[in-house]
Amino acid sequence: MIVSGFNGFRQFGGRRKLQKFEDTESIPADDASADILFSCSWNCTTFAYGNNLYLKGFFAGKTNNFRKLTTKESITSLAINDRFCLVLLSNGKLYKLRLSTNSELEELTFTPDNHIVPQKRGIFGECRNASSPPLEIEFVACGNNITVAISNKNVVFSGTTQVYEFPRHMHTKELQCGFEHAVLLNTNGDIYTWGNGLRGQLGQAILGRHETPSIVEALAGIKVTAIAAGGWHSAAISAFGDLYTWGFNSNGQLGLRVFKNSSSPIKEPAVYPLPQIIDLPTCNCSKLNSSLPSCPPIKVVAGGRHIIIVKTCGALYGCGWNAHNQLGLTSARDFVDNFQYVDSISNDLKKFKVYCGSWCTIIKK
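Just so we're clear, the structure is a prediction, and the values are computed from it rather than from any experiment. (Residues numbered from 1 in each chain as written. Predicted model: local features only at pLDDT ≥ 70, side-chain atom pairs only at ≥ 80, totals over all residues. Heavy atoms only, no water.)

Draft legend 1. Summary view of the pairing of strand S6 (residues 62-70). With 7 bridges connecting them, strand S5 (residues 52-59) and S6 associate as antiparallel partners. Pairing of Tyr54 across the sheet is with Lys68, part of S6. The loop that links S5 with its antiparallel partner S6 comprises 2 residues; one of these, Ala60, has a positive phi angle of about 55 degrees. (Pairing = 2+ DSSP bridges. Helix = DSSP H or I, 4+ residues; strand = E, 2+ residues; numbered from the N terminus.)

Draft legend 2. The pairing of strand S21 (residues 224-229), seen in detail. Of all 6 residues in S21, 5 are buried; the element is thus mostly enclosed. Bridging between S21 and strand S22 (residues 233-238) involves 5 bridges; their strand directions are antiparallel. Its bridge partner lying in S22, Val224 is registered against Ser238. In this antiparallel pair of consecutive strands, S21 and S22, the connection spans 3 residues. (Buried < 20%, exposed > 50% of the residue type's maximum accessible area, 1.4 Å probe, protein only.)

Draft legend 3. Quick look at the pattern of salt bridges. Applying the stated rule across the entire model yields 6 salt bridges. Glu211 is the salt-bridge partner of Arg209, the closest N and O atoms lying 3.0 Å from each other. The exposed category is assigned to Glu211, whose relative accessible area is 52%. Between Glu268 and Lys260 there is a salt bridge, with the nearest N and O atoms lying 3.7 Å from each other. (Salt bridge = Lys/Arg side-chain N within 4 Å of Asp/Glu carboxyl O.)

Keep in mind these numbers describe shape, not what the thing actually does.
Printed below as a string of C-alpha cells:
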C-alpha cells in the first residue's frame, strides 16, 4: 500500500509527516494480500477485510489511537466522516460506529414510506398477496454533513428516513458523497445529485439545496462510466473518455486555472455550477511512442480539495490542493490547477485500487 498526504494523527502509522509511505504495520502479515476496503476522513482511517474492522488515527481524544472489532458477517462497504463510521455487512444490514474508545456497532433501522401492497388474483379471483423481499441496504456513503443509503428496493434514505424512490427498472452503479452532497451513477450512465449545492457541486444551473435526487441535465444523453464526489466538487468520466468537473475550484481541484495566468493577480471564477470538459495533458506513453493514441481516463477519485485520475495505460494524474503532498508530486507546491503526471510511483495502476481521503491519496494493489 502506498499513501501520500496528511498523517498528523498517525492514521497511517509511521512518520508524522508523511510524504510517501508504504504501510505494512497496520495489517497483519497473513492478511496483507487480502481484498481490503478503505475509507478515510481527515483525522481517521478505517479499513476492513472479511469480518475484521480496524480504526486508526485521532478519535476518543487520542492521537495514534487504534481499535479492532469483529463483525458476525463479512463487511462489504465502509464510509467514514470525522464523527462516525458506517459499516455495511453482506446480509444488507447497516451499522454505525461512533469514533470513541468504548462505542459498539449500532444497527440502523430504516423507516420506508408505507405503501399499499398490491394484490394479485388467481384465475378464479382469489387474492394473493404479492411477496416483498425484506429491505436490505446495497449502497452507503457519507460526508461531514450528509449520510445516504440506498436499498435493494431503490429507496433512497437520508440518514434513516426515506426521501426518494427510484423507478424499479433503474439500478444504482455507484454512490459517492462529498462533505455536503451526494452523487449517484446508474447503470444507464445517468448522474443524479442532491444535498447542498451552494458551491456548484450538484452540477445544476441554479445554486441551492436539493433534498431529493435530480438528474444532471447538462450531462443527460452522455453515458457516464465513473463518478467522484470531493469536498465541494464533483467529477465524471464519459464513455468517450472525456473528463468533466464542476463545483468549487478554490485550489484548482477542477483542473481549471485559479488565476488568469501565472503572473496575474486576477482570479478566475471560484465556482463552476455546470460540468466543464477538461483538457488533459498528453499521456507520457504517447510522448514515448507517437504512434499510440492519447490515453483517456478510466478512474476518478476525489478528496477534500483534489482530484486523482487513472488513465488506460495506468498512469496517474492529479490536481488541486497539495499542501500535505496529497497529490504525490515530487515538486512541493501548495496547489496545482492543471493535471500533473504523478511520477513518484509505479506507472502501471490499472489493477490497483485508488482511494482519496480528505487530505490524502491511497493506492492499494
